[in-house]
Amino acid sequence: MTRPKIFVTRRIPEEGLHLLEAACTVDLWPEDRPPSREALLARVRGVEGILSMLTDRIDAAVMDAAGPQLKVISNYAVGYDNIDIPAATARGIPVGHTPGVLTETTADFAFALLMAAARRLIEADAFVRAGRWKTWEPQRLLGVDVYGSTLGLIGLGRIGRAVARRALGFGMRVLYHDLAVPPEAAPERCTPADLDTLLRQADFISLHVPLTPKTRHLIDAAAFAKMKPSAVLVNTARGPVVDPQALYDALSKRRIFAAALDVTEPEPIPADSPLLQLDNLVIAPHIGSASRATRGKMARMAAENLLAGLRGEPLPHRVEG
Ligand code: DGY
């Protein structure tokens, strides 16, 4: 029997790769950078499966370049805003993703960003390394308290809930805004709030919504204007949920205390972005799920989704079209 040909757009951990190599003819993109658009269109030609990253735009053109034998697309991420789901549905191509396995790891990282921004950890580290620690100072590097403060979660899915659990352990009051979670379904000690109330009352605002036309630039100049001057914004969701110009204005004019980002618009953030000049911004290169164990589980899950699709079976974790 001939082995199905698949294209894997980046080297994923062995936990997934060896499953694929055991069953398929794998064309593995060898570089650290994603394939260019041209390379992607060329490499998918004739494949039955595509294992994609969040950096690959998988739209109708890519599906059509692959050809009618394309049976499955499996995204190595829980988010799938890089894939045109209606186009896949129209072509009868199931799309897989990796929910659940990265929840706690990403929530850990969101909390790490929150703490780092609140207590100015990155600035403090730079201060010491620059040889500026001369004595104990009563007013040096003053931050804001986490304990006893209010966390506003925008989006209360798996990751939002996992962040809420951490926040409750830190003695925070938790507000959330998520129309899909009515008050009667709210987790214990999590209080629903409309967006306006949340923005006005929260000391920390953490974003946990997918990127959709409705959430693009949800946090804009008007949203920043409602926040407390002591507020800290944390984004581990998707960069374009925050308007970068409005963020720059809010941070540079000290309209809010700080922001901590794992995701940006665009991604990667250009090295000359004015945001990178600000000391009240903590930033990371989209590593929320980046623990060895979790990336291994994601690889296995993405491979299992892909293999199920190749066999014509239901994907264990399929995006609803
Ligand atoms: C995802 O899975 O969507 C994250 O952004 C990366 O792990």
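Computed from a predicted model, the values in this text were never measured in an experiment.

Enquirer: What's the story with the packing of helix α5 (residues 103–118) against helix α7 (residues 158–169) in this structure? I'm lost.
Expert: In a packed pair of helices, the relevant descriptors are the angle between the two axes and the axis-to-axis distance. With their axes 8 Å apart at the nearest point, α5 and α7 run at an angle of 55° to one another. Between α5 and α7, the crossing angle belongs to the class labelled oblique. Along this stretch, α5 crosses α7, giving a crossing that reads as right-handed. Here T103, E104, T106, A107, D108, A110 and F111 of α5 lie close against α7, whose contacting residues are R158, I159, A162, V163, R165, R166 and A167.

Enquirer: Is there a simple way to think about empty space enclosed by the protein in this case?
Expert: According to the stated counting rule, one finds two cavities of 30 Å³ or more in the structure shown. Quantified by volume, the largest cavity comes out at close to 60 Å³. As for the largest cavity, its lining consists of N235, G239, V242, P244, L247, L261, V263, T264, E265, I269 and L275. Looking at side-chain class alone, the lining of the largest cavity contains seven nonpolar, three polar and one charged residues. Estimates place the volume of the second largest cavity at around 30 Å³. Surrounding the second largest cavity, I85, A88, T89, I93, P94, V95, R318, V319 and G321 form its lining. Among the elements that make up the lining of the second largest cavity, the one with the highest residue count is helix α4 (residues 85–90) (three residues). For the lining of the second largest cavity, the class distribution of residues is six nonpolar, two polar and one charged.

Enquirer: How should I be thinking about the site of the ligand in this particular structure?
Expert: Close contacts around the ligand come from L54, A77, V78, G79, L102, R238, H286, S289 and M298, and that covers them all. Between an oxygen atom of the ligand and a main-chain N or O atom of G79, the distance comes to 2.9 Å. S289 places a polar side-chain atom, nitrogen or oxygen, 2.6 Å from an oxygen atom of the ligand. For the ligand, whose free accessible area comes to 230 Å², the fraction covered by protein is 90%.

Enquirer: Got a minute to help me understand the pairing of strand β7 (residues 173–177) in this structure?
Expert: Consecutive side chains of a regular strand alternate in pointing toward one face of the sheet and then the other. In terms of burial, β7 is largely enclosed, as four of its five residues are buried. Relative to β7, strand β6 (residues 150–154) is paired through five bridges, and the arrangement is parallel. Bridge assignment links T150 to a residue of β7, and that residue is R173. Read from β6 through α7 to β7, the crossover connection turns out right-handed.

Enquirer: Which parts of the structure should I look at to understand the nonpolar core?
Expert: Note on soluble globular proteins: their nonpolar side chains tend to be buried together. Grouped together as the largest cluster of nonpolar side chains are 54 residues, with contacts concentrated most on L20, L51 and F204. Examining the composition of this core, we find that nine residues originate from one element, α5, more than from any other. Each residue touching F204, except ones within four places of it in the same chain, is listed here: L114, A118, V144, D145, V146, S149, T150, L151, G152, M172 and V232. Of all hydrophobic cores here, the second largest spans 30 residues; its members include I205, L207, A231 and A237.

Enquirer: Just checking my understanding: could you explain unusual backbone geometry for this structure?
Expert: What is expected of a backbone is that most residues other than glycine have negative phi and most peptide bonds are trans. Residue P266 is bonded to the preceding E265 through a cis peptide linkage, with omega at -5°. Among the secondary structure elements, P266 is positioned in the loop between β11 (258–261) and β12 (281–283). Following E267, the chain continues to P268 via a peptide bond in cis, the omega torsion being 0°. Secondary-structure assignment places P268 in the loop between β11 and β12.

Cut-off values and rules
- Residues numbered from 1 in each chain as written.
- Predicted model: local features only at pLDDT ≥ 70, side-chain atom pairs only at ≥ 80, totals over all residues.
- Heavy atoms only, no water.
- Axes fitted to C-alpha atoms, helices over the stretch in contact; angles between N-to-C directions.
- Helix = DSSP H or I, 4+ residues; strand = E, 2+ residues; numbered from the N terminus.
- Parallel < 35°, antiparallel > 145°, perpendicular 65-115°, else oblique.
- Left-handed = near helix turned anticlockwise from the far one by under 90°.
- Contact = heavy atoms within 4.5 Å.
- 1 Å grid on protein atoms, 1.4 Å probe; cavity = no way out; pocket = protein on both sides within 12 Å on 5 of 7 lines; lining within 4 Å.
- Points joined across faces, edges and corners; volume = space filled by probe spheres on them.
- Nonpolar A, V, L, I, M, F, W, Y, C, P; charged D, E, K, R; others polar.
- Near = heavy atom within 4 Å.
- Polar contact = N/O pair within 3.5 Å; in protein donor to acceptor, adjacent residues only side chain to side chain.
- Areas by Shrake-Rupley, 256 points an atom, 1.4 Å probe, with all protein chains shown as cover.
- Buried < 20%, exposed > 50% of the residue type's maximum accessible area, 1.4 Å probe, protein only.
- Pairing = 2+ DSSP bridges.
- Right-handed = clockwise from strand over helix to strand, strands pointing away.
- Core = buried A, V, L, I, M, F, W, Y, C linked by side-chain atoms within 4.5 Å.

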